[in-house]
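Chains, contacts and geometry: an overview
Below are the chains, spelled out letter by letter.
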Amino acid sequence: MPKDNADEKGGIGAATTRREDFRFLTGAGQYTDDITLQGQTHAVFARSDVANGVIKSIDTSTAMGMPGVLAIFTGEDFVDVGGNPAGWLINSRDGEPMKEPKRPVLAHGKVRHVGDAYAAVIAETKQQAQDAVEAIEADIEELPAVIDMASAVAGGGLVHDEIETNVCFDWGWIEDNRAATDAAIKAAPHVTTLELVNNRLVPNAMEPRASIADYNAGTDEYTLYTTSQNPHLTRLLISAFVLGIPENKLRVVAPDVGGGFGSKIYHYGEEALVLAAAKKLKRPVKWTASRSEAFLTDAHGRDHVTKIELACEKDGTFIAFRTETMANVGAYLSNFSTATPTFLHGTLMAGNYTVPNVYVNVKAVFTNTAPVDAYRGAGRPEATYSIERVIDMCARELGIDPIELRRKNFVKPDQYPFASAAGLEYDSGNYDAQMDKLEALIDRDGFAARRAESEKNGKLRGLGVNAYIEACGIAPSNLVGILGSRVGLYDAATVRVNATGNLSVMVGAHSHGQGHETAFPQVVADMLGVDPASIDIVHGDTAKIPFGMGTYGSRSLAVCGSAVVRATEKIIAKAKKIAAHMLEAAEGDIELSDGQFSVAGTDKSVSFGEVALKAYIPHQFPIEDIEPGLEETAFYDPANFTYPSGAYACEVEVDPETGKVTVERFAAADDFGNIINPMIVTGQVHGGLGQGIGQALIEQTAYDESGQLLSASYMDYAMPRADDLPFYQVDHSDGTPCTHNPLGVKGCGEAGAIGSPPTVVNAVVDAIQSGGMDVTHVDMPLTPARVWNAMQG
Amino acid sequence: MYEFDLTRPTTIADAVAALNEEDAQALGGGQTLIPTMKQRLAMPSKLVSLGAIPEMKGVCMSDAGEVCIGGATPHAVVSAEATAFPGLADLAGQIGDPAVRNRGTIGGSLANNDPSACYPAAALAAGATIVTNSREIAADDFFEGMFETSLEEGEIITEVRFPVPEVSHYEKFLQPASRFALVGVMVAKFADGVRVAVTGASENGVFRWKEAEQALSANFSADAVSDLALSGDEMISDLHGSGEYRAHLVNVMTGRAVKAAS
Amino acid sequence: MAQVSMTVNGKTVSADVEGRTLLSEFLRSDLHLTGTHVGCDTSQCGACVVHVNGDAVKACTMFAAEADGADVGTIEGQANEDGTLNNIQQAFQDHHGLQCGFCTPGMVMSAAALLKDNPKPSEHDVRAYLEGNICRCTGYHNIVKAIMAASGQDVSSIAAE
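Numbering of residues starts from 1 in each chain and follows the order in which that chain's sequence is written. Working convention: letters from A go to chains and numbers from 1 go to ligands, in the order in which they are written. Local features in a predicted model are, by the rule used here, given only for residues with pLDDT of at least 70; side-chain atom pairs are given and counted only at 80 or more, and totals for whole chains, interfaces and linings are based on all residues. As a rule here, side-chain values cover all heavy atoms of the structure and leave hydrogens and water aside.

**As for the overall build of chain C**
Elements are defined by DSSP. Helices are runs of H or I of four residues or more, strands are runs of E of two residues or more, and each kind is numbered from the N terminus. Helix and strand counts for chain C stand at five helices and five strands. Here the globule rule reads 2.2 Å times residues to the power 0.38, and the radius of gyration is calculated from C-alpha atoms. Compactness check: chain C gives a C-alpha radius of gyration of 16 Å against a globular reference of 15 Å for 161 residues, within 12% of the reference. In terms of overall dimensions, chain C has C-alpha extents of about 55 × 35 × 25 Å along its principal axes. Per-residue burial for chain C yields a buried fraction of 67% across its 161 residues. Residues count as neighbours in contact if any of their non-hydrogen atoms are within 4.5 Å of one another. In chain C, the share of contacts with a sequence separation of at least 24, taken over all contacts with a separation of at least 6, comes to 54%. For chain C, the accessible surface area stands at approximately 5,200 Å², while carbon and sulfur atoms represent 44% of it. In summary, the charge assignment counts Lys and Arg as positive and Asp and Glu as negative, without counting His or the chain termini. Charged side chains are reduced to one point each, which is NZ for Lys, CZ for Arg, CG for Asp and CD for Glu. Once the 9 positive and 19 negative side-chain charges of chain C are each reduced to a mean point, those two points are 6 Å apart. Whether a residue is buried, partly exposed or exposed follows from its accessible area with a 1.4 Å probe, protein chains only, as a fraction of its type maximum: under 20%, in between, or over 50%, in that order. Accessible surface is estimated by sampling points in the Shrake-Rupley manner with a 1.4 Å probe; for residues, cover comes only from the protein chains shown.

Here's what the structure looks like:
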């Protein structure tokens with residue numbers, strides 16, 4: 001699909017620089033906290049400093065009398081409204097539906113994690129609200145906290161008394177394959193077993209969450225400006241489940257959003273609170289999280305404890321993967337938290353391999369910690385990490401080269417569509433070709449010399465490799481419906497051709513760093529043959545966009561981009577009718593090329609702009625056959641997920657005296673199908689790699705036994721910095737196109753974060769073993785202290 | 001943050017007078033104090049900024065050959081101008097990050113005595129003299145444990161005088177989140193012996209590792225300390241490393257500092 | 001309340017501020033210069049980096065009153081006089097050195113401070129200088145590349161695209 005002259009025309013395949021950059025580079029971006037509304041007031045939340053406690057009483061009388069205080073809310077004010085729901089219904093192995101305790105706007109009866117909000121003060125200034133929060137007298141009786149998952153499952157204290165267990169569900173995938181998998185493992189000549197932790201992460205989008213609500217008493221309409229990856233879903237949740245505000249009375253706007261990585265998919269109680277407060281006060285109410293609040297209340301990511309077994313023949317042919325996982329969901333179910341450890345994880349447990357037997361058991365566990373939900377990759381990094389670590393360990397046990405062991409079991413190009421043993425149908429891929437590319441990118445042949453050089457300097461050098469596949473472009477509705485989703489997962493776009501020939505394209509995806517304002521016009525421009533600069537993208541506002549399911553799960557281009565294609569096809573079809581009328585030719589003879597509609601075999605033509613003008617000034621127009629105007633909407637619901645895949649390698653140096661790991665080289669060979677803007681795709685991979693390397697080496701979220709978050713600021717939560725990371729070698733050329741969407745594209749946003757953690761850990765284990773130490777596994781993050789401890793034996 | 005009055009005196013005398021008021025507190029570069037105040041963990045009624053006092057800024061040499069640094073001198077200036085004491089300039093250039101180094105001051109850092117801060121190691125290893133508005137305090141008498149110093153209420157550090165060692169080096173092992181020292185070791189070799197100061201490691205704050213000093217005074221080489229062992233018992237144990245690990249790192253960092261200084 | 005006056009992006013401004021008003025709050029709320037962002041409360045993320053008398057500082061960790069009489073530069077004052085991107089900003093766009101844009105103002109301000117003192121920084125120099133600027137989107141590759149390119153160095157050999 002990329003054309004030879006793509007860069008020149010700025011169409012599909014062009015590495016066009018981003019038009020949104022100008023405002024970001026000049027300080028003219030407009031993020032939620034940058035908005036100030038006339039008469040704006042400020043909300044500050046009273047948050048629990050204990051992880052588990054009974055709210056005996058809350059006395060707000062002193063606080064209410066303090067300067068500037070306008071209103072105080074507690075959980076009592078929201079007992080009659082709904083809870084913030086889980087978006088996916090998961091059934092346990094015994095058929096019982098999952099346990100769904102209510103997640104209220106403000107804690108009522110009990111607080112369940114440090115940071116759980118039990119009251120909110122609205123005041124004229126933020127400082128006044130903060131002062132009043134300190135004056136609220138809350139009598140909260142602390143109870144023992146449920147923190148460790150194993151203890152939570154074993155019984156003892158409860159996070160939610162009413163459900164009488166801490167286990168949300170006990171899920172098997174695919175339950176019918178269980179017996180066969182057990183039998184295959186029992187009979188296998190070789191079984192490698194690995195117990196590992198997929199460490200809990202804090203997403204840390206650089207822009208903290210913020211919301212401003214405005215209420216118009218004259219029309220009974222609400223506007224919510226909020227840091228959201230999907231304003232329509234937020235509106236839906238608030239309308240249908242939480243506050244009951246009719247959708248047609250609630251406008252949700254997500255202006256410029258400073259990163260999300262999953263954490264801004266979800267609806268949070270703070271959004272409902274500012275809406276309720278704005279109505280009560282008839283004034284705008286603003287809340288902006290501090291970073292400290294973000295650490296305590298943003299949905300965290302990962303947090304799995306897993307035992308995985310790989311059964312194989314002596315020659316390395318895979319027979320079965322069997323996994324038992326405990327997945328922490330925290331104190332309340334967040335919107336995607338039940339899908340992440342199940343259908344975004346279990347369905348990927350066959351990896352890139354022709355393994356015939358897969359069985360996954362996941363217990364989701366409530367604890368007195370912040371809710372855990374999808375974070376960049378969401379379930380798929382956990383799957384990839386388990387599979388690719390155990391394969392590496394197996395290769396070492398069998399004495400087989402880790403790349404050869406993977407190649408031996410790869411799905412081959414002639415096997416597509418391939419039905420994986422974990423229940424998905426992979427549409428396209430070529431894993432061997434990626435591995436070939438990877439070996440060249442990382443210069444595998446030069447590794448021995450580089451290792452020798454490192455050793456001369458007293459360092460251990462290791463090479464780690466990894467192959468991943470993921471299912472993304474999160475959709476299709478029919479499939480996710482079967483899997484338990486309570487929403488549809490399609491997307492929508494409206495292409496509006498203005499009378500003067502320029503275009504506004506309203507998209508349901510939401511860009512918070514992904515460059516949609518640049519990439520989507522490339523698609524439309526390419527199809528219409530017009531200048532991309534004449535096309536603007538409109539997103540992030542429920543009042544302007546038909547509908548949308550937002551941006552997460554590497555879905556924007558594959559799903560919403562396809563909707564853009566469908567809407568543009570409708571534009572072309574109608575424009576051809578108008579052109580046929582203008583050219584007095586048959587509709588079937590009209591061709592569109594380079595922005596000109598012409599009659600086949602003649603030199604008669606009209607430009608796209610002339611057709612647009614005609615559509616809006618329909619003089620001498622066949623109004624019986626064609627409506628005036630030129631605007632089309634399409635909803636797109638794909639037939640399947642898309643299946644990006646890749647092979648990653650990295651080289652690390654380990655300082656044997658301190659345990660410090662340095663990533664020296666990193667190479668990523670990805671298959672994203674067709675590429676619309678290679679510059680943006682490369683940037684997405686870079687970002688994912690940074691986060692994945694961060695997870696592997698330094699990012700650590702720790703609660704103590706009482707439920708206090710120990711890594712509650714950048715003083716203790718290590719964010720990757722420029723000097724922690726190398727330049728990366730990235731190649732995503734020559735991908736195998738997705739077979740079922742019109743652009744042939746696959747998602748690229750999460751790949752880097754999925755493929756990199758096992759790559760790094762594999763490399764570190766390789767380095768340590770090269771020093772003669774019998775270390776087969778170290779749990780992430782591989783901090784200097786952990787690596788040093790491991791090396792002490 | 002709680003409300004307070006902020007004053008910016010231009011002389012040491014005015015600053016001392018302002019600090020006499022109840023609940024008044026000195027503000028150096030604010031790189032630690034301001035984040036603390038944001039968390040509402042400090043509530044001074046008055047902050048006395050020391051940032052507008054010319055006599056407390058700058059780097060110079062004393063007649064006795066000491067590097068003298070005004071108490072309100074930012075780390076970036078020390079890094080650029082303390083060329084007569086390269087080990088000190090190098091240490092100052094490793095504190096925080098560039099923007100922090102443009103605001104944070106030596107007086108503020110020493111008065112705070114964070115157990116993981118870099119400057120206390122420099123002052124202790126060099127045997128610096130901490131000069132206040134009322135007296136001179138030897139570094140050996142100044143640090144009294146985590147966040148504790150011998151400063152009196154209202155007393156401000158006006159200058160720090162560093163004797164210049166023959167050779168010196170500060171070896172810092174980063175705590176990856178805060179970028180403070182997980183362990184930092186400053187080794188300074190003087191004509192009459194070697195001083196070794198360790199930060200980041202001990203629950204009692206910066207300390208001199210006397211055993212290493214003796215060994216290095218006899219033989220200034222990394223080998224001289226390689227067999228020494230510190231106990232992890234009184235070392236900080238946290239998310240980033242156990243006491244045992246920190247004790248081990250002290251040894252490694254000391255050896256590396258000696259090697260770099262030699 | 002105390003009166004402060006300072007020069008911000010070449011214009012003299014003055015206002016009454018509380019002692020506790022941070023420079024970042026003063027810029028954002030009083031002057032409506034919202035390009036200076038606040039991403040943390042522990043003086044680490046660097047989204048708020050501005051120039052005070054030519055030095056990069058974290059505007060969230062300095063009181064507005066301490067900038068009394070100072071010359072303050074923010075992201076809003078960085079473009080060329082004709083409104084086009086300056087060479088650092090342009091390099092960030094050319095090399096895709098930004099994604100969500102939130103850390104970007106601080107990155108650009110830090111980069112400008114670096115290049116003032118070190119006109120041809122090595123990769124190591126750039127990475128070390130950015131210790132106090134956190135980006136969650138880019139993995140830093142293209143930021144480092146952009147800053148080296150802005151210094152006039154040939155970055156064509158740096159991997160990828």
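**What about the sheet that holds strand E22 (residues 590-593) of chain A?**
Residue and element names in this part refer to chain A. Any two strands with at least two DSSP bridges between them are considered paired. Within the open sheet, the three strands sit side by side as E22-E23-E24. Their pairing is antiparallel. Two strands bound the open sheet, and with one partner strand each, they are E22 and strand E24 (605-607). Pairs of neighbouring strands in the sheet enclose a mean axial angle of 25°, with direction left out of account. Pairing of strand E23 (residues 596-599) with E24, which is carried by three bridges, proceeds in the antiparallel orientation. Paired with Gln596 across the strands is Ser607, a residue of E24. Note on geometry: axes are lines fitted to C-alpha atoms, helical ones only across the stretch in contact, with angles between N-to-C directions running from 0 to 180 degrees.

**Some thoughts on the domain arrangement of chain A**
Residue and element names in this part refer to chain A. Domain borders in the structure are assigned automatically or taken from a domain database. According to the domain assignment, chain A consists of domain 1 (9-14 + 490-636), domain 2 (32-38 + 205-297) and domain 3 (430-470 + 641-793). Centre-to-centre separation of domain 1 and domain 3, based on C-alpha positions: 41 Å. Every contact between the two is made by 20 residues of domain 1 and, on the other side, 17 residues of domain 3. Here the quantity called buried area is the total loss of accessible area, with a 1.4 Å probe, experienced by two parts when brought into contact, counted for both. Counting the surface lost from both domain 1 and domain 3, the interface buries some 1,300 Å², and carbon and sulfur atoms represent 63% of this. Of all residues in domain 1, the largest losses of buried area upon contact with domain 3 belong to Ser554, Leu557 and Ala558, amounting jointly to 33% of the total for that side. The rule for a salt bridge is simple: a side-chain nitrogen of Lys or Arg has to be within 4 Å of a carboxyl oxygen of Asp or Glu. Linking domain 1 with domain 3 are zero salt bridges, by the criterion used here. Pairing of N or O atoms within 3.5 Å defines a polar contact, subject to two protein rules: one partner must be a possible hydrogen donor and the other a possible acceptor, and residues neighboring in sequence count only if both atoms are side-chain atoms. Our count for the domain 1 to domain 3 interface comes out at seven residue pairs in polar contact (both at pLDDT 80 or more). Broken down by secondary-structure element, the contributors of at least two residues to the side of domain 1 that touches domain 3 are helix H15 (516-528) and helix H16 (556-583). Sort the elements by how many residues they give to the side of domain 1 that touches domain 3 and H16 lands first, with six residues. We call Asp, Glu, Lys and Arg charged. Ala, Val, Leu, Ile, Met, Phe, Trp, Tyr, Cys and Pro are nonpolar, and the rest, Gly among them, are polar. Taken together, the residues of the side of domain 1 that touches domain 3 sort by class into eight nonpolar, eleven polar and one charged.

**Remarks on the environment of Asp59 of chain A**
Residue and element names in this part refer to chain A. Relative to the helices and strands, Asp59 resides in strand E2 (residues 53-59). Looking at Asp59, the relative accessible area reads 33%, which means it is partly exposed. Separated by 76 residues in sequence, Asp59 and Ala135 have C-alpha atoms that sit 9.0 Å apart. Setting aside residues up to four positions removed in sequence, Asp59 forms contacts with Ala135, Ile136 and Glu137. Here Ser61 takes part through its side chain, which lies 2.6 Å from a polar atom of the side chain of Asp59.

**What about the pairing of strand E2 (residues 11-17) of chain C?**
If a strand is regular, its side chains alternate between the two faces of the sheet. Summarising the sheet, strand E1 (residues 2-8) of chain C and E2 of chain C pair through seven bridges and their orientation is antiparallel. Note on E2 of chain C: the bridge partner recorded for Val8 of chain C is Lys11 of chain C.

**Re the packing of H16 of chain A against helix H17 (residues 608-616) of chain A**
Residues and elements named next belong to chain A. Here H16 crosses H17 at 85°, and the two axes come no closer than 10 Å. When the axes of H16 and H17 are compared, the pair comes out roughly perpendicular. Contacts between H16 and H17 involve Ile571, Ala575, Ile578, Ala579 and Met582 from the former and Phe608, Glu610, Val611, Lys614 and Ala615 from the latter. A class-by-class count of the residues in the contact of H16 with H17 yields eight nonpolar, no polar and two charged. The scheme is simple: roughly parallel for angles under 35 degrees, roughly antiparallel for over 145, roughly perpendicular for 65 to 115, oblique for anything else.

**Section: the interface of chain A and chain C**
Listed by partner, the interface residues are 56 residues for chain A and 49 residues for chain C. Sorting the residues of chain A by area buried against chain C places Leu25, Met206 and Phe727 of chain A first, and these three jointly supply 19% of that buried surface. Summed over the shared surface of chain A and chain C, the number is three salt bridges. For Glu699 of chain A, the salt bridge identified is with Arg136 of chain C, shortest N-O distance 2.7 Å. Where chain A touches chain C, the interface holds 25 residue pairs in polar contact (both at pLDDT 80 or more). Looking at the side of chain A that touches chain C, the elements that each hand over two or more residues are helix H2 (21-25), helix H9 (291-297), helix H18 (678-697) and strand E28 (729-731) of chain A. Tallying contributions element by element places H18 of chain A first for the side of chain A that touches chain C, with ten residues.

**Side note on a negative patch on the surface**
A surface patch of negative charge is lined by Glu22, Asp23, Glu152 and Glu153 of chain B. Tracing the backbone through its elements, the reader meets Asp23 of chain B in the loop between helix H1 (12-19) and strand E2 (24-27). Patch building starts from residues that exceed 30% relative accessible area and form no salt bridge, then joins like charges within 9 Å and nonpolar side chains (Val, Leu, Ile, Met, Phe, Trp, Tyr) within 5 Å.

**Thoughts on the pairing of strand E20 (residues 503-507) of chain A**
Residue and element names in this part refer to chain A. Counted residue by residue, E20 has five buried out of five residues, so it is predominantly covered. Side chains of E20 alternate between two faces, with Leu503, Val505 and Val507 and Ser504 and Met506 buried alike. Sheet topology note: the strand E19 (residues 491-497)/E20 ladder contains five bridges and is antiparallel. Each residue of the ladder has a partner; that of Ala493, found in E20, is Val507.

**Quick look at the interface of chain B and chain A**
Taken together, the contact pairs 21 residues of chain B with 25 residues of chain A. Of the roughly 1,900 Å² buried between chain B and chain A on both sides combined, carbon and sulfur atoms contribute 51%. Between chain B and chain A we count six salt bridges in total. With a closest N to O distance of 3.0 Å, Arg40 of chain B and Glu134 of chain A form a salt bridge. Ranked by the residues each element gives to the side of chain B that touches chain A, the list is headed by helix H11 (residues 243-261) of chain B, at seven residues. The residue makeup of the side of chain B that touches chain A, split by class, is eleven nonpolar, six polar and four charged.

**Some thoughts on the packing of helix H10 (residues 380-398) of chain A against helix H19 (residues 751-770) of chain A**
Residue and element names in this part refer to chain A. For the pair H10 and H19, the least separation of the axes is 8 Å and the interaxial angle reads 25°. When the interaxial angle is binned, H10 and H19 end up roughly parallel. Considering only the axes of H10 and H19, their crossing is right-handed. Between H10 and H19, the residues in contact are Arg380, Pro381, Thr384, Tyr385, Glu388, Arg389, Asp392 and Arg396 and Ala753, Ile754, Pro757, Pro758, Val761, Asn762, Val765, Asp766 and Gln769, respectively. Two helices cross in a left-handed way if the nearer one is turned anticlockwise from the farther one by less than a right angle. They cross in a right-handed way if the turn is clockwise.

**A look at the pattern of salt bridges**
Residue and element names in this part refer to chain A. This model, assessed by the stated rule, comprises 73 salt bridges over all chains. Across the salt bridge formed by Arg444 and Asp401, the nearest N and O atoms sit 2.5 Å from each other. Separated by 43 residues along the polypeptide, Arg444 in the loop between helix H12 (431-441) and helix H13 (447-456) and Asp401 in the loop between H10 and helix H11 (402-409) bring together distant segments of the chain. Take Arg444: its relative accessible area is 24%, and that puts it in the partly exposed class. Close ionic contact of Arg407 with Glu439 constitutes a salt bridge, the shortest N to O distance being 2.9 Å.

**Considering the sheet that holds E2 of chain A**
Residues and elements named next belong to chain A. Taken in spatial order, the three strands line up as E4-E2-E6 in an open sheet, and their pairing is antiparallel. Every other strand in the sheet has two partners, leaving strand E4 (110-111) and strand E6 (137-142) as the edge strands with one partner each. One ladder, built from two bridges, connects E2 with E4; its direction is antiparallel. From the neighbouring strand, Val54 faces E4, where its bridge partner is Lys110.

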